[in-house]
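Inside the fold
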Amino acid sequence: HYYITNNLRMSKTVKLVSQSKCYGGLQCVYEHESSILKCTMKFGVYLPPQHEKKKNLPIVYYLSGLTCTEQNYIMKSGFQRYAAKHGIVVVNPDTSPRGFDLAGEHESYDFGSGAGFYVNATEEPWKTNYRMYSYVTGEMPTVVQSNFNVNVGRSAISGHSMGGHGALIAALRNPGKYKCCSVFAPISNPSECPWGTKAFSGYLGDNKSAWKQYDATFTAKEYDGPKLEILLDQGEDDPYLNDKQLLPENFANACSGNKLINLNFRMHPGYDHGYFFIMSFMEDHFNFMAKHIC
């Protein structure tokens, strides 16, 4: 049940769920017992061909959006081709804790299961388990470093929609931890959009000052760390852009006032919010990240 290759034996803290050869490497799914979330969590790991001969490989964390599991990015994005080319290990966690039956947890697509919003909840009944921010930025890197030949000092973080929001706040709140950040159609100003206000009210309560730490538009204004490179791609025909769920223009304005952030904000005519959009620009995003971590 444990992956063994080239004298590298996985710690028993993670268990192999599935493994398939892909572009000369291995697309795997593992599970582990999360001490932060207090449940069993699955996560994807792509090991590029270079993992058999090289140590201290660079790593990309990818965070998915609403309703997703670890499977969506693995099956739909085509990222493996570019990770194999650059020799990058890619880790993609689930989007919320699993295995609970909290009141209201499964009633809507945009709150509760599949919609953890990458925050540490402070409200009942969510605060014990819905701690995705600490899981992604703390526990997951520790698990990965303990079990794979990676160099966490050469990390980048990426994401889509809700996961783009998660990637942005992870990078902005942890200066130097991630060498760059790449996002597709992120929820960029959640304090001001319907998705975000619903999630933040439920997880964090009604005190909006507590929301700012998880809002990239606010954290970008206060960022005070090493120069941070961000690539943001947005489809012009994205219905959620028109519905004011994403608000990337607010984030771009915040970044323009901070000389420590270099944002490349690209709008793409004709593209919507889905994975056809993501796969169309995935190569660009891996080329961008490779410049900073390879």
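Residues numbered from 1 in each chain as written. Predicted model: local features only at pLDDT ≥ 70, side-chain atom pairs only at ≥ 80, totals over all residues. Heavy atoms only, no water.

Tallying secondary structure elements over the protein gives nine helices and eleven strands in all. The C-alpha atoms of the protein give 18 Å as radius of gyration, which agrees with the globular expectation for 294 residues (19 Å, within 12%). In terms of principal-axis extent, the alpha carbons of the protein reach across some 50 × 40 × 35 Å. Expressed as a percentage of the 294 residues in the protein, the buried residues total 58%. For the protein, contacts bridging at least 24 residues in sequence account for 71% of all contacts bridging at least 6. (Helix = DSSP H or I, 4+ residues; strand = E, 2+ residues; numbered from the N terminus. Rg over C-alpha atoms; globule rule 2.2 N^0.38 Å. Buried < 20%, exposed > 50% of the residue type's maximum accessible area, 1.4 Å probe, protein only. Contact = heavy atoms within 4.5 Å.)

This model, assessed by the stated rule, comprises 20 aromatic pairs. Seen from their ring centres, Phe117 and Phe200 are 6.4 Å apart, and the 75 degrees between their planes marks the pair as edge-to-face. Placement of the pair is Phe117 in the loop between strand S7 (89–93) and helix H3 (132–147) and Phe200 in helix H5 (residues 194–204), with a sequence separation of 83 residues. There is no split in this pair, since Phe117 and Phe200 are both buried. Judged by centre distance (5.7 Å) and plane angle (70 degrees), the ring pair of Phe200 and Trp211 falls under edge-to-face. Taken together, the residues span a long stretch of sequence, with Phe200 in helix H5 and Trp211 in the loop between H5 and helix H6 (216–222) at a distance of eleven residues. For the pair formed by Phe200 and Trp211, the shared burial category is buried. Following the ring pairs from residue to residue traces out a cluster consisting of Tyr46, Tyr62, Tyr73, Phe79 and Phe286. One cation-aromatic arrangement involves Arg173 over Tyr133; the distance from NZ or CZ to the ring centre is 4.3 Å. (Phe/Tyr/Trp six-rings, centres within 6.5 Å; stacked < 30°, edge-to-face > 60°. Lys NZ or Arg CZ within 6 Å of the ring centre and 35° of its normal.)

It is worth spelling out H5 at this point. Every buried residue of H5 is accounted for by Trp195, Gly196, Ala199, Phe200, Tyr203 and Leu204. Within H5, the buried residues cover an arc of 110 degrees as seen down the axis, which keeps them to one side. Where H5 is buried, its residues meet helix H4 (162–173) and helix H7 (239–242). (Arc of directions from axis to C-beta.)

Across all of its chains, the model carries five salt bridges by this definition. We note a salt bridge from Lys198 to Asp110, for which the minimum N-O separation is 2.7 Å. With a gap of 88 residues between them, Lys198 in helix H5 and Asp110 in the loop between S7 and H3 connect regions that are remote in the sequence. Judged by relative accessible area, which is 37%, Lys198 ranks as partly exposed. Taking the shortest distance from any N to any O, the salt bridge between Arg266 and Asp233 comes out at 2.6 Å. Residue Arg266 is located in strand S11 (residues 261–268), and its partner Asp233 is located in strand S10 (residues 228–235); the two are separated by 33 residues in the primary sequence. (Salt bridge = Lys/Arg side-chain N within 4 Å of Asp/Glu carboxyl O.)

Before going further, it helps to spend a moment on helix H9 (residues 275–293). Maximal helix bending in H9 amounts to about 50 degrees, located at Phe281. Within H9, the full set of buried residues consists of Tyr275, Phe277, Ile278, Phe281, Met282, His285, Phe286, Phe288, Met289, Ala290 and Ile293. (Bend = angle between axes of the 7 residues up to and from the residue.)

Phe117, Ile157, Tyr203, Phe251 and Phe286 are the most contacted members of the largest nonpolar core, which totals 97 residues. Here this core gets ten residues from one element, more than from any other, and that element is H9. Ignoring anything within four residues of it in the chain, the contact list for Ile157 reads Tyr61, Leu63, Val136, Ala167, Ala170, Ala171, Tyr178, Cys180, Cys181 and Ser182. (Core = buried A, V, L, I, M, F, W, Y, C linked by side-chain atoms within 4.5 Å.)

Attention now goes to the sheet that holds S10. Spatially, S3-S4-S5-S7-S6-S8-S9-S10-S11 is the arrangement adopted by the nine strands of the open sheet, whose pairing is mixed. On the outer flanks of this sheet lie strand S3 (14–22) and S11, each paired with one strand and no other. Each adjacent strand pair in this sheet contributes to an overall mean axis angle of 20 degrees, direction not counted. When strand S4 (residues 25–34) meets strand S5 (residues 39–47), the two strands line up antiparallel, connected through nine bridges. Considered in S5, the bridge of Cys28 is made with Val45. Sitting on the sheet, H3 touches S3, S4, S5, strand S6 (57–63), S7 and strand S8 (150–160), and the angle it makes with S4 is about 120 degrees. Running over the sheet, H9 touches S6, S7, S8, strand S9 (180–184), S10 and S11 and is turned about 175 degrees from S9. (Pairing = 2+ DSSP bridges. Axes fitted to C-alpha atoms, helices over the stretch in contact; angles between N-to-C directions.)

Turning to the layout of surface pockets, a few remarks are in order. When its volume is computed, the largest pocket comes out at roughly 190 Å³. Its residues assigned to classes, the lining of the largest pocket comprises six nonpolar, six polar and no charged. (1 Å grid on protein atoms, 1.4 Å probe; cavity = no way out; pocket = protein on both sides within 12 Å on 5 of 7 lines; lining within 4 Å. Points joined across faces, edges and corners; volume = space filled by probe spheres on them. Nonpolar A, V, L, I, M, F, W, Y, C, P; charged D, E, K, R; others polar.)

Looking now at the environment of Lys212. Tracing the sequence through the fold places Lys212 in the loop between H5 and H6. Spatially, the C-alpha atom of Lys212 lies 36 Å from that of Asn149, the residues being 63 residues apart in sequence. Beyond its immediate sequence surroundings of up to four residues, Lys212 is in contact with Phe218 and Thr219.

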